[in-house]
Each structure stands twice: as structure tokens, then as C-alpha cells.
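Topology and contacts: notes
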Amino acid sequence: MPELTVDTPDGPIDGVLERPDGDGPHPGVVVVHDALGLSADIRGITRDIADHGYLALAPDLYSRGGTARCLTGVFRDLFARRGRAVSDLLAARDHLRALPECSGAVAVVGFCMGGGFALALSPMGFDASAPFYGVLPRHLDEALSGACPIVASFGARDPILPGAGKKLTAELERQGVAHDVETYSGVGHSFVNHLPAGPATPLLRIVGLHYGEEQSRDAWRRVYAFFDEHLQDLPPSA
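I will try to describe carefully the structure that is included in this document. Remember, predicted model here, so these are calculated numbers, not experimental data.

1. What about the sheet that holds strand β1 (residues 3-6)?
Taken in spatial order, the 8 strands line up as β1-β2-β4-β3-β5-β6-β7-β8 in an open sheet, and their pairing is mixed. Each edge of the open sheet carries a strand with a single partner, namely β1 and β8 (179-184). Recorded for the sheet is a direction-independent mean angle of 20° between the axes of neighbouring strands. Both strand β3 (residues 26-32) and strand β5 (residues 102-111) contribute to a ladder of 6 bridges, which runs parallel. Counterpart to Gly28 in the pairing with β5 is Val106. Each of β1, β2 (13-18), β3, β4 (55-59) and β5 is contacted by helix α3 (residues 84-98), which is oriented at about 160° to β3, the strand it contacts most. Along the sheet face, helix α6 (residues 164-175) touches β7 (150-155) and β8 and points at about 165° away from the line of β8.

2. Overview of the pairing of β2
Across the 6 residues that make up β2, a large majority, 5, are buried. Across 4 bridges, the pairing between β1 and β2 is antiparallel. Across the sheet, the residue bridging to Leu4 is Gly15, located in β2. Hairpin geometry of β1 and β2 is characterised by an intervening segment of 6 residues between the two adjacent antiparallel strands and by a positive phi of about 100° at Gly11. Summarising the sheet, β2 and β4 pair through 4 bridges and their orientation is antiparallel. Each bridged residue has a counterpart across the sheet, and for Leu17 the counterpart in β4 is Leu57.

Calculation criteria
Residues numbered from 1 in each chain as written. Predicted model: local features only at pLDDT ≥ 70, side-chain atom pairs only at ≥ 80, totals over all residues. Heavy atoms only, no water. Pairing = 2+ DSSP bridges. Helix = DSSP H or I, 4+ residues; strand = E, 2+ residues; numbered from the N terminus. Axes fitted to C-alpha atoms, helices over the stretch in contact; angles between N-to-C directions. Contact = heavy atoms within 4.5 Å. Buried < 20%, exposed > 50% of the residue type's maximum accessible area, 1.4 Å probe, protein only.

This is the structure we're talking about:
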């Protein structure tokens, strides 16, 4: 995959950029990885998003020292909705917008930790947001004030985020934000991700943390339909 450097206020970070076929212009998508980092799974998802017609950029939020050194700080920035990780993601958005083949409209997609960032960033100049099982921000009403359209996906068997879909839907309806929120039966957390196999795999499946092919396919169908509606032929957010 094409590697690149993204300039941020705190220095350059690494990332992966995948381009769709054709000259464009194409809408952009910032892909925010989960706590496992910029894994083969996230890279594959980034390529798939490009194959659906979007400029897809996945920045590495652990560029400055790897998972062990960066994980705590990145989560701290997520819960605070500010800090270096947020600045990195906004810089990735600006990097996409500056590309000549970008239409100027940019969405954000995230998974688990990255899904939390996708929600937190929804009022910060993106044109659409697609959180997958994202942690709901504290003070949800304040965090989503001025949010862009949101298409969110959760698993009914998620032991980490029980009832998150209903809570998010209620707040988006209250604020009049365009949305499509779905909670899928039969799956839990990380149901669109291919987690690395290991000794804990059977236990993860018992608690619902496994890939769900049917639910994943439908979730992506909804995301691409939502993006087609909200990112095509629109001016970029301020």
C-alpha cells in the first residue's frame, strides 16, 4: 500500500493513502484505526473504501513511538476530545482536501477507539461520520452539537457498549442531525474487523467479539449509501 507522511501541528506522522480508479474528483475518507493500530485489517478496509470510489487515508496515531508508548495518550485525547491525536486526524482531513483529485468533501470512519474518534470529530469540519461500535463521548449532547450526518453501527451482543445505539439515536433525533443508526443482532464488538487469531479467540467468540459476515456486509452497504447521499456534489464543511 502507498505509504505517506502527513504534516501535523506536532510534526509528521505516517499513514496509508489508497486511491480509487479514475481521475476524480473523489470525496475523501479519513480511516481511524482501533486500539490495535494500523493493522493489516485496517489497511484492507482502507483499500476497500478506495475501491468504492473514495480517497481513503488511514493515519497512524502511534507513529511517535508505537502502541505501548502512545496508546494511553491517544485514549486520553479521545475522552477529552482534544489534544495531539485529534490534531493528527484533523491534519489528515486537511491533507485529503489539499489533494487535487479530492472533491473537498471528507468523511471519517472509525472502529472501536477509532469509532469514538469518528463521533468526537463529527462537529469538527467533516461532511459525514461512520463510527463502528464507537465509545459514546461524555456529555453526549454537548459533544454532538453541530455534528455532521452520522451513520453508526453497533452489535447487540457488545459487552462494552450496551444500549449505545439507542442512546445515540435519541440524541441525534433531539438535535435534528441526519442519521442512520443500526444495532445488529447476533454480533458484538468488532464485528466488521478480522481480529488476529490467538489463544483467546474461543472466549472472544463466546462474548460476541468476532467477525459477522452478514452483518458486516449490510453495515458497509449502509455506510456507502449514506456517503453517496451526503458526500457527492456538496461543498466541504468549513
